[in-house]
Amino acid sequence: MKIVNVIFLFIVLTALLSCNSKNNFDQKMNTHDRLILENSFETADVHSAIYSIQSLLSRDTNNLGLMDTLTNLYLQIGNQQSAFNLSGKILEQKPENIEMLEIRGKTAANIRRAQIAVDVYSKLFEIDKNTRYLYEIAVQSFNTGNVSYGKKVVETIINSPRSKTDLYSYKLPNGQIIEIPVKAVAHYFIGSYNEVNGKEAEAINHYQKALEIYPKYGLAANKLRDILKL
């Protein structure tokens, strides 16, 4: 079974459990939708699951379990805007929900709401001092045009001992996910910025440092090779 189907089945099972644990809406009214949801679980039909959960939520508007499930299903089909909107509604009731904060930050970045992404990742960093959140703050600060602040955050990452052990996940074009120390990613990022702005010597320095931290960092190696024309 494909990984995506396993994830989908887990998400829909969560919704079914949420329905079974709730008794505050008319069972006769939602029987049809529940049957659709159960069938979507058996057939891995994401769109049918979304339809049935939307219908259930129209009568059980505060069911956070269903809202959580629907948010994740939106991500499954690549509906970034809807996932962004719904995660925001969940956070109004549970402002420190780590999963929803991460979804909100990721989708905000993907739909180019950079300042919201900065705010969300700042909140995440307050809760959990993982430097991967600082990296996201730096990148999105650059995207807002606040380059000076972005540079300061990158320097904070580079000078943090924790950034050597905190990991940042990359998804390669072939679908493979690799994890790289945040410090190496920060060096690569600022190296790319320097290269684009004509500061090749500084770029080389950062690419080399990224490779010292993570020798298998293919992106940094390729950049360095291109600059040095090896």
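First things first, this report covers the structure right here in the doc. (Residues numbered from 1 in each chain as written. Predicted model: local features only at pLDDT ≥ 70, side-chain atom pairs only at ≥ 80, totals over all residues. Heavy atoms only, no water.)

### Quick notes on the environment of Asn 222
- With respect to the secondary-structure elements, Asn 222 resides in helix H12 (residues 218-228).
- Asn 222 sits in the partly exposed class, given a relative accessible area of 37%.
- Taking C-alpha positions, Asn 222 is 9.4 Å from Tyr 207, a pair spaced 15 residues apart along the chain. (Helix = DSSP H or I, 4+ residues; strand = E, 2+ residues; numbered from the N terminus. Buried < 20%, exposed > 50% of the residue type's maximum accessible area, 1.4 Å probe, protein only.)

### Observations concerning the packing of helix H4 (residues 64-76) against helix H5 (residues 80-93)
- At a minimum axis separation of 8 Å, H4 and H5 run at an interaxial angle of 155 degrees. In terms of axis orientation, H4 runs roughly antiparallel to H5. The two elements H4 and H5 cross, and the hand of that crossing is left-handed. Where H4 approaches H5, its residues Leu 64, Met 67, Asp 68, Leu 70, Thr 71, Tyr 74 and Leu 75 are matched on the opposing element by Gln 80, Ser 82, Ala 83, Leu 86, Ser 87, Lys 89, Ile 90 and Gln 93.
- Tallied by class, the residues present in the contact of H4 with H5 amount to 8 nonpolar, 5 polar and 2 charged. (Axes fitted to C-alpha atoms, helices over the stretch in contact; angles between N-to-C directions. Parallel < 35°, antiparallel > 145°, perpendicular 65-115°, else oblique. Left-handed = near helix turned anticlockwise from the far one by under 90°. Contact = heavy atoms within 4.5 Å. Nonpolar A, V, L, I, M, F, W, Y, C, P; charged D, E, K, R; others polar.)

### Thoughts on the packing of aromatic side chains
- For the structure on display, the rule yields 10 aromatic pairs.
- Seen from their ring centres, Tyr 135 and Tyr 168 are 4.8 Å apart, and the 70 degrees between their planes marks the pair as edge-to-face. Of this pair, Tyr 135 sits in helix H8 (residues 131-144) while Tyr 168 sits in strand S1 (residues 167-171), and the two are 33 residues apart along the sequence. Across the pair, Tyr 168 and Tyr 135 agree in class, each one buried.
- Among the aromatic side chains, those forming a connected cluster through ring pairs are Tyr 135, Phe 142, Tyr 168, Tyr 170, Tyr 188, Phe 189, Tyr 193, Tyr 207, Tyr 214 and Tyr 217. (Phe/Tyr/Trp six-rings, centres within 6.5 Å; stacked < 30°, edge-to-face > 60°.)

### Focus: the pairing of strand S2 (residues 177-181)
- Direction of pairing for S1 relative to S2: antiparallel, over a ladder of 5 bridges. When the sheet's bridge partners are listed, Tyr 168 is paired in S2 with Ile 180. (Pairing = 2+ DSSP bridges.)

### Brief notes about the nonpolar core
- Counting residues in hydrophobic clusters, the biggest one holds 56 residues, and the most contacted among them are Tyr 135, Tyr 170 and Tyr 217.
- Filtering out sequence-adjacent residues up to four positions away, Tyr 135 remains in contact with Ile 157, Tyr 168, Tyr 170, Val 182, Val 185, Ala 186 and Phe 189. (Core = buried A, V, L, I, M, F, W, Y, C linked by side-chain atoms within 4.5 Å.)

### A closer look at the packing of H8 against helix H9 (residues 147-158)
- Viewed as axis vectors pointing N to C, H8 and H9 meet at an angle of 160 degrees, and their least axial separation amounts to 7 Å. It follows from the interaxial angle that H8 and H9 lie roughly antiparallel. Judged by the sense of rotation from one axis to the other, the crossing of H8 with H9 is left-handed. Of the residues in H9, those in contact with Thr 131, Leu 134, Tyr 135, Ile 137, Ala 138, Ser 141 and Phe 142 of H8 are Val 147, Tyr 149, Gly 150, Lys 151, Val 153, Val 154, Thr 156 and Ile 157.
- Each residue belonging to the contact of H8 with H9 can be placed in one class, and the counts come to 10 nonpolar, 4 polar and 1 charged.

### Considerations on the pattern of salt bridges
- Taken as a whole, this structure holds 5 salt bridges when the rule is applied.
- The partner of Arg 162 in a salt bridge is Asp 166, and the shortest N-O contact between them spans 2.8 Å.
- For Arg 162, a relative accessible area of 35% corresponds to the partly exposed category.
- Here Lys 223 makes a salt bridge to Glu 195, at a shortest N to O gap of 3.8 Å. In this pair, Lys 223 sits in helix H12 while Glu 195 sits in helix H10 (residues 182-196), placing the two residues 28 residues apart along the sequence.
- Since its relative accessible area comes to 26%, Lys 223 is described here as partly exposed.
- Overlapping salt bridges bring together Asp 128, Arg 162 and Asp 166 as one network. (Salt bridge = Lys/Arg side-chain N within 4 Å of Asp/Glu carboxyl O.)

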